[in-house]
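Inside the fold
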Amino acid sequence: MKKILITGGAGYIGSHTAVELLKAGMEPIILDDLSNSDAKVLDRLEEITGKRLTFYTGDCNDKTILESIAKDHKLEGVIHFAAFKAVGESTAQPLKYYRNNVGSLLVLLDFMQEQGIKDLVFSSSCTVYGQPEVLPVTEATPRQDAESPYGNTKKICEDVLVDFVKSKPGIRVVALRYFNPVGAHPSAKIGELPLGVPANLVPFITQTAAGIREKLTVFGDDYDTADGSCVRDYIHVVDLADAHVKTLSFLQDQEIDSYDVFNVGTGNGNTVLEVIHAFEKVSGVKLNYVIGPRRMGDVIKTWADTTKINKVLGWKAQYSLEDSMRDSWNWQKGLKK
Ligand SMILES: NC(=O)c1ccc[n+]([C@@H]2O[C@H](COP(=O)([O-])OP(=O)(O)OC[C@H]3O[C@@H](n4cnc5c(N)ncnc54)[C@H](O)[C@@H]3O)[C@@H](O)[C@H]2O)c1
(Lines give C-alpha, C1' and ligand atoms only; values in the text may rest on other atoms or scores of the structure.)
Protein backbone atom coordinates (compact mmCIF):
# COMPACT_ATOMS: atom_id res chain seq x y z
CA MET A 1 0.00 0.00 0.00
CA LYS A 2 1.31 3.45 -0.91
CA LYS A 3 1.73 5.57 2.19
CA ILE A 4 0.42 9.13 1.92
CA LEU A 5 1.11 11.76 4.56
CA ILE A 6 -2.02 13.77 5.38
CA THR A 7 -1.19 16.95 7.28
CA GLY A 8 -4.27 18.21 9.12
CA GLY A 9 -5.77 14.76 8.65
CA ALA A 10 -7.78 14.89 11.87
CA GLY A 11 -9.74 17.88 10.56
CA TYR A 12 -12.94 18.07 8.58
CA ILE A 13 -11.78 17.47 5.00
CA GLY A 14 -8.65 15.53 6.01
CA SER A 15 -10.56 12.89 7.99
CA HIS A 16 -12.95 12.23 5.10
CA THR A 17 -10.00 12.03 2.72
CA ALA A 18 -8.32 9.45 4.97
CA VAL A 19 -11.39 7.21 4.54
CA GLU A 20 -11.43 7.59 0.75
CA LEU A 21 -7.67 7.01 0.46
CA LEU A 22 -7.93 3.76 2.36
CA LYS A 23 -10.86 2.69 0.17
CA ALA A 24 -8.66 3.33 -2.86
CA GLY A 25 -5.89 1.11 -1.47
CA MET A 26 -3.56 3.78 -0.10
CA GLU A 27 -2.48 4.10 3.53
CA PRO A 28 -3.02 7.47 5.19
CA ILE A 29 -0.40 8.59 7.71
CA ILE A 30 -1.91 11.48 9.65
CA LEU A 31 -0.04 14.41 11.18
CA ASP A 32 -2.15 16.91 13.12
CA ASP A 33 -1.46 19.23 16.04
CA LEU A 34 -5.15 19.03 17.07
CA SER A 35 -5.35 22.84 17.12
CA ASN A 36 -8.77 22.58 15.43
CA SER A 37 -9.71 18.94 15.85
CA ASP A 38 -10.11 16.17 18.38
CA ALA A 39 -8.11 12.95 18.69
CA LYS A 40 -11.42 11.10 19.08
CA VAL A 41 -11.74 11.31 15.31
CA LEU A 42 -9.32 8.35 15.20
CA ASP A 43 -11.84 6.15 17.02
CA ARG A 44 -14.49 7.27 14.54
CA LEU A 45 -12.19 6.56 11.60
CA GLU A 46 -11.57 3.10 13.02
CA GLU A 47 -15.31 2.47 13.28
CA ILE A 48 -15.74 3.44 9.62
CA THR A 49 -12.70 1.71 8.14
CA GLY A 50 -12.10 -1.16 10.60
CA LYS A 51 -8.49 0.00 10.84
CA ARG A 52 -6.55 2.03 13.42
CA LEU A 53 -4.87 4.70 11.34
CA THR A 54 -1.31 5.81 11.99
CA PHE A 55 -1.40 9.15 13.75
CA TYR A 56 1.27 11.60 14.87
CA THR A 57 0.41 14.58 17.05
CA GLY A 58 2.60 17.47 16.01
CA ASP A 59 3.07 20.72 14.19
CA CYS A 60 3.73 20.63 10.48
CA ASN A 61 6.08 23.60 10.95
CA ASP A 62 8.39 21.28 12.87
CA LYS A 63 10.70 19.54 10.39
CA THR A 64 11.99 17.12 13.03
CA ILE A 65 8.59 15.52 13.40
CA LEU A 66 8.28 15.23 9.61
CA GLU A 67 11.70 13.58 9.54
CA SER A 68 10.76 11.14 12.24
CA ILE A 69 7.63 10.16 10.29
CA ALA A 70 9.78 9.62 7.19
CA LYS A 71 12.07 7.36 9.24
CA ASP A 72 9.09 5.20 10.21
CA HIS A 73 7.36 5.19 6.82
CA LYS A 74 8.32 5.37 3.17
CA LEU A 75 6.07 8.25 2.11
CA GLU A 76 4.99 8.41 -1.53
CA GLY A 77 2.92 11.54 -1.46
CA VAL A 78 1.56 14.32 0.71
CA ILE A 79 -1.82 16.00 1.00
CA HIS A 80 -1.38 19.27 2.83
CA PHE A 81 -4.56 20.29 4.63
CA ALA A 82 -2.95 21.72 7.77
CA ALA A 83 -3.82 25.41 8.02
CA PHE A 84 -5.87 27.85 10.04
CA LYS A 85 -9.07 28.83 8.23
CA ALA A 86 -11.07 31.38 10.25
CA VAL A 87 -11.36 34.43 8.00
CA GLY A 88 -12.32 36.84 10.80
CA GLU A 89 -9.54 35.69 13.10
CA SER A 90 -7.05 36.06 10.26
CA THR A 91 -7.86 39.76 10.06
CA ALA A 92 -7.30 40.18 13.80
CA GLN A 93 -4.17 38.00 13.92
CA PRO A 94 -2.60 38.01 10.46
CA LEU A 95 0.84 36.85 11.58
CA LYS A 96 -0.64 33.71 13.12
CA TYR A 97 -2.08 32.88 9.67
CA TYR A 98 0.98 33.74 7.61
CA ARG A 99 3.22 31.82 10.03
CA ASN A 100 1.11 28.70 10.05
CA ASN A 101 -0.36 28.56 6.55
CA VAL A 102 2.61 29.84 4.57
CA GLY A 103 5.30 28.72 7.02
CA SER A 104 4.12 25.10 7.15
CA LEU A 105 4.14 24.86 3.35
CA LEU A 106 7.75 26.07 3.21
CA VAL A 107 8.84 23.51 5.79
CA LEU A 108 6.94 20.78 4.01
CA LEU A 109 8.44 21.58 0.59
CA ASP A 110 11.96 21.52 2.03
CA PHE A 111 11.20 18.21 3.67
CA MET A 112 9.69 16.68 0.51
CA GLN A 113 12.67 17.71 -1.58
CA GLU A 114 15.14 16.32 0.94
CA GLN A 115 13.28 13.03 1.20
CA GLY A 116 12.61 12.71 -2.54
CA ILE A 117 8.82 12.65 -2.04
CA LYS A 118 7.38 13.62 -5.39
CA ASP A 119 3.64 14.20 -5.15
CA LEU A 120 1.82 17.00 -3.35
CA VAL A 121 -1.85 17.95 -3.26
CA PHE A 122 -2.42 21.38 -1.77
CA SER A 123 -5.71 22.70 -0.29
CA SER A 124 -6.49 25.97 -2.01
CA SER A 125 -9.78 27.77 -2.18
CA CYS A 126 -12.19 29.56 -4.52
CA THR A 127 -11.51 32.55 -2.28
CA VAL A 128 -8.56 33.30 -4.61
CA TYR A 129 -11.11 34.34 -7.31
CA GLY A 130 -12.89 36.90 -5.08
CA GLN A 131 -16.05 38.17 -6.80
CA PRO A 132 -15.51 36.98 -10.38
CA GLU A 133 -16.75 39.13 -13.23
CA VAL A 134 -17.72 36.15 -15.39
CA LEU A 135 -19.48 33.02 -14.14
CA PRO A 136 -18.97 30.13 -13.85
CA VAL A 137 -15.38 30.39 -12.68
CA THR A 138 -12.76 28.53 -14.70
CA GLU A 139 -9.19 27.90 -13.62
CA ALA A 140 -8.20 30.68 -16.06
CA THR A 141 -10.37 33.23 -14.26
CA PRO A 142 -7.99 35.88 -12.92
CA ARG A 143 -7.28 35.73 -9.21
CA GLN A 144 -8.12 38.91 -7.33
CA ASP A 145 -6.72 40.77 -4.36
CA ALA A 146 -7.56 38.74 -1.29
CA GLU A 147 -10.31 40.00 1.02
CA SER A 148 -8.55 38.65 4.12
CA PRO A 149 -5.14 37.52 5.35
CA TYR A 150 -6.51 33.94 5.24
CA GLY A 151 -7.37 34.31 1.54
CA ASN A 152 -4.00 35.90 0.93
CA THR A 153 -2.21 32.90 2.47
CA LYS A 154 -3.87 30.69 -0.16
CA LYS A 155 -2.73 33.00 -2.97
CA ILE A 156 0.78 33.20 -1.57
CA CYS A 157 0.99 29.43 -1.17
CA GLU A 158 -0.09 28.95 -4.78
CA ASP A 159 2.62 31.41 -5.88
CA VAL A 160 5.23 29.64 -3.76
CA LEU A 161 4.26 26.36 -5.41
CA VAL A 162 4.55 27.81 -8.93
CA ASP A 163 8.00 29.23 -8.24
CA PHE A 164 9.15 26.12 -6.43
CA VAL A 165 8.12 23.79 -9.26
CA LYS A 166 9.86 26.09 -11.77
CA SER A 167 13.08 25.58 -9.83
CA LYS A 168 12.99 21.87 -10.79
CA PRO A 169 12.79 20.32 -7.36
CA GLY A 170 11.64 16.92 -8.69
CA ILE A 171 8.11 17.48 -7.38
CA ARG A 172 4.64 17.35 -8.95
CA VAL A 173 1.98 19.55 -7.43
CA VAL A 174 -1.75 20.08 -7.80
CA ALA A 175 -3.56 22.87 -5.99
CA LEU A 176 -7.25 22.05 -5.59
CA ARG A 177 -9.42 25.14 -5.33
CA TYR A 178 -12.33 24.02 -3.19
CA PHE A 179 -15.66 25.77 -3.50
CA ASN A 180 -17.87 25.38 -0.40
CA PRO A 181 -17.36 22.06 1.38
CA VAL A 182 -20.48 20.85 3.22
CA GLY A 183 -22.03 17.60 4.40
CA ALA A 184 -20.54 14.80 6.44
CA HIS A 185 -19.72 11.14 6.07
CA PRO A 186 -22.98 9.22 5.43
CA SER A 187 -22.19 7.08 8.51
CA ALA A 188 -22.56 10.29 10.59
CA LYS A 189 -19.37 9.31 12.45
CA ILE A 190 -17.22 12.17 11.15
CA GLY A 191 -18.13 15.68 10.05
CA GLU A 192 -17.38 19.35 10.57
CA LEU A 193 -16.75 20.30 14.19
CA PRO A 194 -16.67 24.08 14.43
CA LEU A 195 -15.27 25.47 17.66
CA GLY A 196 -17.42 28.33 18.97
CA VAL A 197 -19.86 30.16 16.73
CA PRO A 198 -19.71 28.66 13.22
CA ALA A 199 -18.51 30.98 10.50
CA ASN A 200 -20.03 28.83 7.73
CA LEU A 201 -23.67 28.58 6.72
CA VAL A 202 -24.36 24.86 7.05
CA PRO A 203 -23.03 24.31 10.60
CA PHE A 204 -25.02 27.41 11.56
CA ILE A 205 -28.14 25.88 10.01
CA THR A 206 -27.72 22.53 11.77
CA GLN A 207 -26.91 24.16 15.11
CA THR A 208 -29.99 26.38 14.79
CA ALA A 209 -32.13 23.35 13.97
CA ALA A 210 -30.66 21.54 16.98
CA GLY A 211 -31.53 24.48 19.26
CA ILE A 212 -27.89 25.43 19.95
CA ARG A 213 -28.35 28.77 18.15
CA GLU A 214 -31.53 30.75 18.57
CA LYS A 215 -31.81 31.94 15.00
CA LEU A 216 -30.06 32.13 11.68
CA THR A 217 -29.54 35.42 9.88
CA VAL A 218 -29.47 35.56 6.09
CA PHE A 219 -27.21 38.45 5.19
CA GLY A 220 -29.13 40.27 2.45
CA ASP A 221 -31.98 39.23 0.17
CA ASP A 222 -31.71 42.09 -2.30
CA TYR A 223 -28.74 40.98 -4.40
CA ASP A 224 -29.02 40.35 -8.12
CA THR A 225 -29.63 36.60 -7.72
CA ALA A 226 -32.66 34.33 -8.20
CA ASP A 227 -34.11 35.09 -4.74
CA GLY A 228 -31.83 37.93 -3.66
CA SER A 229 -29.55 35.89 -1.35
CA CYS A 230 -25.90 35.04 -2.06
CA VAL A 231 -24.95 32.11 -4.29
CA ARG A 232 -22.27 29.48 -3.63
CA ASP A 233 -21.26 26.11 -5.03
CA TYR A 234 -21.77 23.59 -2.20
CA ILE A 235 -19.66 20.47 -2.61
CA HIS A 236 -20.22 17.36 -0.47
CA VAL A 237 -17.11 16.59 1.58
CA VAL A 238 -17.01 12.95 0.45
CA ASP A 239 -16.95 14.08 -3.19
CA LEU A 240 -14.19 16.51 -2.27
CA ALA A 241 -12.25 13.75 -0.51
CA ASP A 242 -12.56 11.58 -3.61
CA ALA A 243 -11.13 14.42 -5.73
CA HIS A 244 -7.91 14.11 -3.67
CA VAL A 245 -7.66 10.41 -4.42
CA LYS A 246 -8.14 11.05 -8.14
CA THR A 247 -5.57 13.85 -7.99
CA LEU A 248 -2.93 11.55 -6.51
CA SER A 249 -3.45 9.06 -9.34
CA PHE A 250 -3.21 11.88 -11.87
CA LEU A 251 0.02 13.18 -10.33
CA GLN A 252 1.68 9.81 -10.64
CA ASP A 253 1.28 10.00 -14.44
CA GLN A 254 2.77 13.50 -14.78
CA GLU A 255 6.27 14.57 -15.67
CA ILE A 256 8.26 15.41 -12.58
CA ASP A 257 8.23 19.19 -11.93
CA SER A 258 4.66 19.94 -12.85
CA TYR A 259 2.10 22.28 -11.34
CA ASP A 260 -1.60 22.39 -12.07
CA VAL A 261 -4.79 23.71 -10.50
CA PHE A 262 -8.33 22.34 -10.53
CA ASN A 263 -11.63 23.74 -9.33
CA VAL A 264 -13.52 21.34 -7.11
CA GLY A 265 -17.23 22.10 -7.04
CA THR A 266 -20.50 20.73 -8.35
CA GLY A 267 -20.72 23.21 -11.21
CA ASN A 268 -24.01 24.56 -9.79
CA GLY A 269 -24.72 27.57 -7.65
CA ASN A 270 -27.33 27.58 -4.88
CA THR A 271 -28.63 30.56 -2.97
CA VAL A 272 -28.57 30.72 0.82
CA LEU A 273 -32.37 30.49 0.83
CA GLU A 274 -32.28 27.40 -1.40
CA VAL A 275 -29.89 25.76 1.06
CA ILE A 276 -32.20 26.60 3.95
CA HIS A 277 -35.19 25.16 2.11
CA ALA A 278 -33.28 22.02 1.09
CA PHE A 279 -32.36 21.53 4.74
CA GLU A 280 -35.96 22.02 5.90
CA LYS A 281 -37.16 19.53 3.30
CA VAL A 282 -34.80 16.68 4.23
CA SER A 283 -34.84 17.27 7.99
CA GLY A 284 -38.50 18.11 8.45
CA VAL A 285 -37.35 20.91 10.79
CA LYS A 286 -38.61 24.46 10.27
CA LEU A 287 -35.67 26.80 10.67
CA ASN A 288 -35.92 30.02 12.64
CA TYR A 289 -34.29 32.44 10.23
CA VAL A 290 -34.46 36.17 9.63
CA ILE A 291 -33.31 38.38 6.78
CA GLY A 292 -30.63 40.78 7.93
CA PRO A 293 -28.64 43.51 6.18
CA ARG A 294 -25.93 42.72 3.66
CA ARG A 295 -22.59 41.77 5.20
CA MET A 296 -19.50 43.76 4.21
CA GLY A 297 -17.07 41.89 2.00
CA ASP A 298 -19.43 39.03 1.05
CA VAL A 299 -18.93 37.63 -2.44
CA ILE A 300 -22.37 37.88 -4.06
CA LYS A 301 -22.21 34.88 -6.33
CA THR A 302 -19.70 32.29 -7.35
CA TRP A 303 -19.77 28.78 -8.69
CA ALA A 304 -17.30 26.55 -10.46
CA ASP A 305 -16.84 25.53 -14.04
CA THR A 306 -15.78 21.93 -13.44
CA THR A 307 -15.03 20.99 -17.05
CA LYS A 308 -11.30 20.64 -16.39
CA ILE A 309 -11.52 18.32 -13.40
CA ASN A 310 -14.33 16.32 -15.06
CA LYS A 311 -12.23 15.74 -18.19
CA VAL A 312 -8.70 15.50 -16.87
CA LEU A 313 -9.23 13.66 -13.58
CA GLY A 314 -12.42 11.85 -14.53
CA TRP A 315 -13.97 13.23 -11.35
CA LYS A 316 -17.52 14.52 -11.02
CA ALA A 317 -19.55 15.37 -7.94
CA GLN A 318 -21.98 12.58 -7.09
CA TYR A 319 -23.86 13.99 -4.09
CA SER A 320 -26.74 16.47 -4.35
CA LEU A 321 -27.41 19.47 -2.13
CA GLU A 322 -30.13 17.47 -0.40
CA ASP A 323 -27.66 14.62 0.27
CA SER A 324 -25.34 17.19 1.85
CA MET A 325 -28.10 18.57 4.06
CA ARG A 326 -29.21 15.08 5.12
CA ASP A 327 -25.66 14.05 6.05
CA SER A 328 -24.93 17.32 7.86
CA TRP A 329 -28.12 16.92 9.86
CA ASN A 330 -27.44 13.29 10.78
CA TRP A 331 -23.96 14.31 11.92
CA GLN A 332 -25.36 17.16 14.03
CA LYS A 333 -27.98 14.87 15.61
CA GLY A 334 -25.23 12.34 16.44
CA LEU A 335 -23.23 15.09 18.18
CA LYS A 336 -26.09 15.75 20.57
CA LYS A 337 -26.07 12.19 21.86
N1 LIG B 1 -13.65 24.01 4.98
C2 LIG B 1 -13.64 24.95 4.04
O3 LIG B 1 -14.63 25.66 3.86
C4 LIG B 1 -12.43 25.15 3.16
C5 LIG B 1 -12.56 25.81 1.93
C6 LIG B 1 -11.44 26.00 1.13
C7 LIG B 1 -10.20 25.55 1.56
N8 LIG B 1 -10.09 24.93 2.76
C9 LIG B 1 -8.76 24.48 3.20
O10 LIG B 1 -8.79 23.07 3.36
C11 LIG B 1 -7.90 22.69 4.41
C12 LIG B 1 -8.65 21.83 5.40
O13 LIG B 1 -9.76 22.54 5.88
P14 LIG B 1 -10.77 21.93 6.94
O15 LIG B 1 -12.08 22.55 6.70
O16 LIG B 1 -10.65 20.46 6.98
O17 LIG B 1 -10.17 22.57 8.28
P18 LIG B 1 -9.95 21.92 9.70
O19 LIG B 1 -9.59 23.03 10.63
O20 LIG B 1 -11.11 21.06 10.08
O21 LIG B 1 -8.69 20.98 9.45
C22 LIG B 1 -7.38 21.47 9.46
C23 LIG B 1 -6.59 20.59 10.41
O24 LIG B 1 -5.24 21.03 10.41
C25 LIG B 1 -4.76 21.01 11.75
N26 LIG B 1 -3.64 21.95 11.77
C27 LIG B 1 -3.64 23.29 11.63
N28 LIG B 1 -2.39 23.78 11.64
C29 LIG B 1 -1.57 22.71 11.80
C30 LIG B 1 -0.16 22.55 11.87
N31 LIG B 1 0.67 23.58 11.79
N32 LIG B 1 0.35 21.31 12.02
C33 LIG B 1 -0.46 20.22 12.09
N34 LIG B 1 -1.81 20.31 12.01
C35 LIG B 1 -2.34 21.54 11.87
C36 LIG B 1 -5.95 21.34 12.61
O37 LIG B 1 -5.84 20.85 13.93
C38 LIG B 1 -7.09 20.66 11.85
O39 LIG B 1 -7.28 19.33 12.32
C40 LIG B 1 -7.33 23.98 4.98
O41 LIG B 1 -6.10 24.24 4.37
C42 LIG B 1 -8.36 25.01 4.56
O43 LIG B 1 -7.80 26.29 4.46
C44 LIG B 1 -11.17 24.70 3.57
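Counting starts from 1 at the beginning of each chain's written sequence and moves along it residue by residue. Local features are withheld for residues below a pLDDT of 70 in this predicted model, meaning they are given only at 70 or higher, and side-chain atom pairs are given and counted only at 80 or more; totals for whole chains, interfaces and linings count all residues.

1. A word on the overall build of the protein chain
Heads up, the condition is: Each helix is a run of DSSP H or I of at least 4 residues and each strand a run of E of at least 2, with the numbering of both proceeding from the N terminus. For a compact globule the rule gives 2.2 Å times the number of residues to the power 0.38, and the radius of gyration it is set against comes from C-alpha atoms. A residue is called partly exposed when the number of other C-beta atoms within 10 Å of its own lies between 12 and 20, exposed at 12 or fewer, and buried at 20 or more, with C-beta atoms placed from the backbone. Contact between residues is assigned whenever the C-beta positions, reconstructed from backbone atoms, fall within 7 Å.
Secondary structure assignment for the protein chain yields eleven helices and 13 strands. Here the C-alpha atoms of the protein chain give a radius of gyration of 19 Å, agreeing with the 20 Å that 2.2 N^0.38 yields for 337 residues. Its C-alpha atoms give the protein chain principal-axis dimensions of roughly 55 × 45 × 40 Å. Per-residue burial over the protein chain gives 47% buried out of 337 residues. At a minimum sequence separation of 6, the contacts of the protein chain that also span at least 24 residues come to 82%.

2. Some remarks on helix α6 (residues 149-166)
Our working rule: Helices are assigned an expected span. That span is 1.5 Å times one less than the residue count.
With 18 residues, α6 extends 25 Å from end C-alpha to end C-alpha; this agrees with the ideal 26 Å at 1.5 Å per step. Buried within α6 we find Pro149, Tyr150, Gly151, Asn152, Thr153, Lys154, Cys157, Glu158, Leu161, Phe164 and Val165. Against the buried residues of α6 lie α4 (87-92), α5 (94-115), β5 (119-125), β6 (172-178) and β11 (258-264). Lys168 sits one or two positions beyond α6 and adopts a positive phi of about 60 degrees.

3. Overview of the UniProt feature "domain: NAD(P)-binding" (unreviewed entry) in the protein chain
Convention followed: UniProt positions are given in the numbering used here, feature names are shortened, and annotations may be inferred rather than shown by experiment.
Feature annotation in UniProt places "domain: NAD(P)-binding" (unreviewed entry) on residues 5-327, given in this structure's numbering. This span, residues 5-327, is 40% helix and 18% strand, and a straight line between its end C-alpha atoms measures 27 Å.

4. Things to note about the site of the ligand
What counts here: Each residue receives a C-beta atom placed from its backbone. It is near a molecule or strand if this atom lies within 6 Å of it. Throughout, the ten residues Ala, Val, Leu, Ile, Met, Phe, Trp, Tyr, Cys and Pro are labelled nonpolar, Asp, Glu, Lys and Arg are labelled charged, and all others, Gly among them, are labelled polar.
Around the ligand, 28 residues are found, and the nearest of them are Gly8, Gly11, Ser37, Ala83 and Ser123. Of all the secondary structure elements, the ones that give two or more residues to the shell around the ligand are α1 (12-23), β2 (26-32), α5 and β5. No other element matches the three residues that α1 contributes to the shell around the ligand. Looking at the shell around the ligand residue by residue, the classes come out as twelve nonpolar, twelve polar and four charged.

5. A closer look at the sheet that holds β2
Rules: Here a strand pair is declared whenever DSSP counts at least two bridges between the two strands. Axis definition: a line fitted to C-alpha atoms, limited for helices to the stretch in contact. Angles are taken between N-to-C directions and run from 0 to 180 degrees.
Strand order in the open sheet made by the seven strands is β3-β2-β1-β4-β5-β6-β11, with parallel pairing throughout. The outermost strands of the open sheet, each flanked by one partner alone, are β3 (54-57) and β11. Within the sheet, the average angular offset between the axes of one strand and its neighbour, ignoring direction, is 20 degrees. Against the sheet, helix α3 (residues 63-72) makes contact with β1 (2-7), β2, β3 and β4 (75-80), and its axis sits at roughly 155 degrees relative to β2, the strand it touches most.

6. Digging into unusual backbone geometry
With omega at -5 degrees, the peptide bond leading from Leu135 into Pro136 counts as cis. Along the chain, Pro136 turns up in the loop between β5 and α6. Its identity as a non-glycine residue notwithstanding, Asp257 has a phi of 65 degrees, on the positive side. Along the chain, the position of Asp257 falls in the loop between α8 (237-252) and β11.

7. Notes on the packing of α1 against α8
Helix packing for two helices is described by the angle between their axes and how far apart those axes are. To be explicit about the condition: Angle categories are assigned with fixed cut-offs, so that under 35 degrees is roughly parallel, over 145 is roughly antiparallel, 65 to 115 is roughly perpendicular, and the rest are oblique. Two helices cross in a left-handed way if the nearer one is turned anticlockwise from the farther one by less than a right angle. They cross in a right-handed way if the turn is clockwise.
The geometry of α1 relative to α8 is characterised by a closest axis approach of 8 Å and an angle of 60 degrees between their N-to-C directions. Taken together, α1 and α8 sit at an angle that is classed as oblique. For the pair α1 and α8, the sense of crossing is right-handed. In this structure, α1 contributes Tyr12, Ile13, His16, Thr17, Val19, Glu20 and Leu21 to the contact, and α8 contributes Val237, Val238, Leu240, Ala241, Asp242, His244 and Val245. Of the residues assigned to the contact of α1 with α8, the class counts are nine nonpolar, three polar and two charged.

8. Examining the environment of Pro136
Overall, Pro136 belongs to the partly exposed group, with 19 C-beta atoms counted inside 10 Å. Along the backbone, Pro136 and Gly269 are 133 residues apart, and their C-alpha atoms lie at a distance of 8.8 Å. Setting aside anything within four residues of it in sequence, one finds Pro136 in contact with Gly267, Trp303, Ala304 and Asp305.

9. Some thoughts on the packing of helix α7 (residues 201-209) against helix α9 (residues 272-283)
The N-to-C vectors of α7 and α9 enclose an angle of 40 degrees; their axes lie 11 Å apart at closest approach. As the angle between them shows, α7 and α9 are arranged oblique. Here α7 and α9 pass one another in a crossing that is right-handed. Taking contact as the criterion, the partners of Leu201, Ile205 and Ala209 in α7 are, on α9, Val272, Val275, Ile276, Phe279 and Ser283. For the contact of α7 with α9, the residue count by class is seven nonpolar, one polar and no charged.

10. Looking at the nonpolar core
Selection criterion: Residues of type Ala, Val, Leu, Ile, Met, Phe, Trp, Tyr and Cys that are buried and joined through C-beta atoms within 7 Å form what is called a nonpolar core.
Judged by nonpolar contacts, the single largest core of 91 residues is most densely connected at Val78 and Val264. The element best represented in this core is α8, accounting for eight residues. Beyond its immediate chain neighbours, meaning those up to four positions away, Val264 contacts Leu176, Arg177, Tyr178, Phe179, Ile235, Leu240, Ala243 and Ile309.

11. With respect to the environment of Lys333
As for its placement among the helices and strands, Lys333 is situated in helix α11 (residues 321-336). Judged by the 14 C-beta atoms lying within 10 Å of it, Lys333 is partly exposed.

12. Section: the environment of Arg232
Its place among the elements puts Arg232 in strand β9 (residues 231-232). With 96 residues separating them along the chain, Arg232 and Ser328 place their C-alpha atoms 17 Å apart. With residues near it in sequence (within four places) discarded, Arg232 still touches Phe179, Asn180, Gly269, Asn270 and Thr302.

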